[in-house]
Amino acid sequence: MLSVMQIVQGVGGRSSPGLERFPVRGAVVDSRLAGPADLFVAIKGERSDGHAYVADAFARGAVAALIERDIEIPGANMVDARAGAFPRDVGGPPFLIRVDNTVDALQSAGAAWRAQFSPRMVGVTGSLGKSTTKELIAQVLGIRYRTLKNEGNQNNELGIPMTLLRLRPEHEYAVIEIGMYARGEIARFSSWVRPQIGVITMIAPVHLERLGSLDNIAMAKAELVLALPPAAEGGVVVLNDDDARVRGMAAMTRARVVTAGLTSRADFWIEDIETRGLDGIMVRLREKGITASYTARVPLLGAHSANTALRAAAVGRVAGLSWGEIVEGLGQPGGAIRLQVIEGPHGSIIIDDTYNASPESTLAALNVLQEVGDPPRVAVLADMLELADLEEAAHREVGCRAALVAQLIVCVGERARWIAEEARACGAAPESVVHVATKSEAIRVVRERVTQKSTILVKGSRGMEMEDVVAGLQD
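What comes next concerns the included structure. (Residues numbered from 1 in each chain as written. Predicted model: local features only at pLDDT ≥ 70, side-chain atom pairs only at ≥ 80, totals over all residues. Heavy atoms only, no water.)

## Things to note about unusual backbone geometry
Here Pro93 and Pro94 are connected by a cis peptide whose omega angle stands at 5 degrees. The amide bond that connects Pro375 to the next residue, Pro376, takes the cis arrangement and shows omega of 5 degrees. As for its position among the elements, Pro376 is in the loop between α12 (359-372) and β17 (377-382). We note that Glu465 has phi near 50 degrees; this positive angle belongs to a residue other than glycine. By the secondary structure assignment, Glu465 is in the loop between β20 (455-459) and α16 (467-474). For Glu465, a relative accessible area of 38% gives the class partly exposed. (Helix = DSSP H or I, 4+ residues; strand = E, 2+ residues; numbered from the N terminus. Buried < 20%, exposed > 50% of the residue type's maximum accessible area, 1.4 Å probe, protein only.)

## Examining the side chain of Thr125
Tracing the sequence through the fold places Thr125 in strand β6 (residues 120-125). Here the side chain of Thr125 touches Ile178 through a polar contact of 2.8 Å, landing on its backbone oxygen. Non-local contacts of Thr125, meaning those with residues more than four positions away in its chain, are made with Lys130, Ile178, Ile186, Val199, Ile200, Thr201, Lys221 and Leu224. (Polar contact = N/O pair within 3.5 Å; in protein donor to acceptor, adjacent residues only side chain to side chain. Contact = heavy atoms within 4.5 Å.)

## Focus: the environment of Arg47
With respect to the helices, strands and loops of the structure, Arg47 is situated in the loop between β2 (38-41) and α2 (54-59). Judged by its relative accessible area of 87%, Arg47 is exposed. Each C-alpha atom of the pair Arg47 and Gln370 lies 41 Å from the other, and the pair is 323 residues apart in sequence.

## Side note on the environment of Thr147
Positionally, Thr147 belongs in strand β7 (residues 147-149). Thr147 sits in the partly exposed class, given a relative accessible area of 23%. For Thr147 and Asn307, which are 160 residues apart along the polypeptide, the C-alpha to C-alpha distance reads 22 Å. Setting aside its immediate chain neighbours within four residues, Thr147 contacts Ala138, Leu141, Gly142, His171, Tyr173 and Val175.

## Some thoughts on the nonpolar core
Ranked by size, the top nonpolar core spans 58 residues in total, and within it Val4, Ile7, Leu66, Phe95 and Ile97 carry the most contacts. With six residues, helix α8 (residues 214-227) is the largest single contributor of residues to this core. Ignoring any residue separated from it by four or fewer positions in sequence, one finds Ile97 in contact with Val4, Ile7, Val8, Val11, Ala64, Ala65, Leu66, Ile67, Val79 and Ala81. Ranked by size, the runner-up nonpolar core spans 37 residues in total, among them Val122, Ile281, Val283 and Trp323. (Core = buried A, V, L, I, M, F, W, Y, C linked by side-chain atoms within 4.5 Å.)

Encoded structure:
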């Protein structure tokens, strides 16, 4: 059981008798999410300082808090993890655990706790499809194994150690999505996770402004491949055979290489895809060396989701699952898949794909809109950010595709003017394309022109916060 003692030791302190009596359920960085037995991590950010909310976290039941400056909380006991030795009698909770840097301390605690266990760790990264791949792999593995996964978007320097602190002895597998913003981050995160299985989805111009080129993005993602143990020690990497940059990572690893793609050149491949609108897809999968094919119903939208199912199946086979177990796992209803279908105004349907946007993911989302929605279709498309020199061309490509799919195109933001211009140039009626500067204008336009039979796609980069449009349409 994770306890205050393990937290103190994990952040570099020397614990004292008695602290092991106080269990820790997990870690939070938002005091509003704190509950009984949680560890609250006080982080000083640009807009607020978590130290101001320690008392609130304690009031909600948190057993301890990591702090990096002295604060006074009536009734709290101070444990200085920098001191090297503590008095035997530290009293009872709540505890203030003093460290030099709370973010560093959280990461150290997560890595130290992960080292106490030996589940098989699956690391998932790539420019697109990480979250859905992580979710589906966890569903498949969960058919046989007790499996942990990171929740939501906990794929960064805070979320990964918070996930590791939820490891327990009963976990046989853990599926960890690993994000990044700069070179070196995946290597650092992998040193905490210590994955034995790696999955690379694809390379796309996401964070292009920060990394400069697709080759640099590929090198950053390849840090996961380089972190895997050799094949003799159980290392396996699942590579996208259809992406040349990902396929080339086979030469960079000592792990066993497993490929997954659209053709029989790969170890696992897709033989057939049937889209069934809002009911998801039917996909027939094959494995090299086996003459039979295996058909699964997957409750994900869009033909591109077949690639996600294929990656999950490949990991399942690596983990020793039968094809029957894999088909069962693929068919489970997903609890945290990002692309959601919800009710919109006047009885319409909203496809909420607002988490982020790149040219590839936006084109895929427009394909989903075409597959699942009968006319009139509505595409609400916002700026795609961090595309560097590809910026104008990418937006124009999206605009031309939108002209072929949607009967109403609402473009939000400065860069989205290129979407609007190209949509008209590609044949969309001028009155069917609206360019607006604000999300509130987009909401007004859609609410005025939507009908009961409309299917509405909402998509944009994370920085555009297009979930506000979805909320406004539901209000």
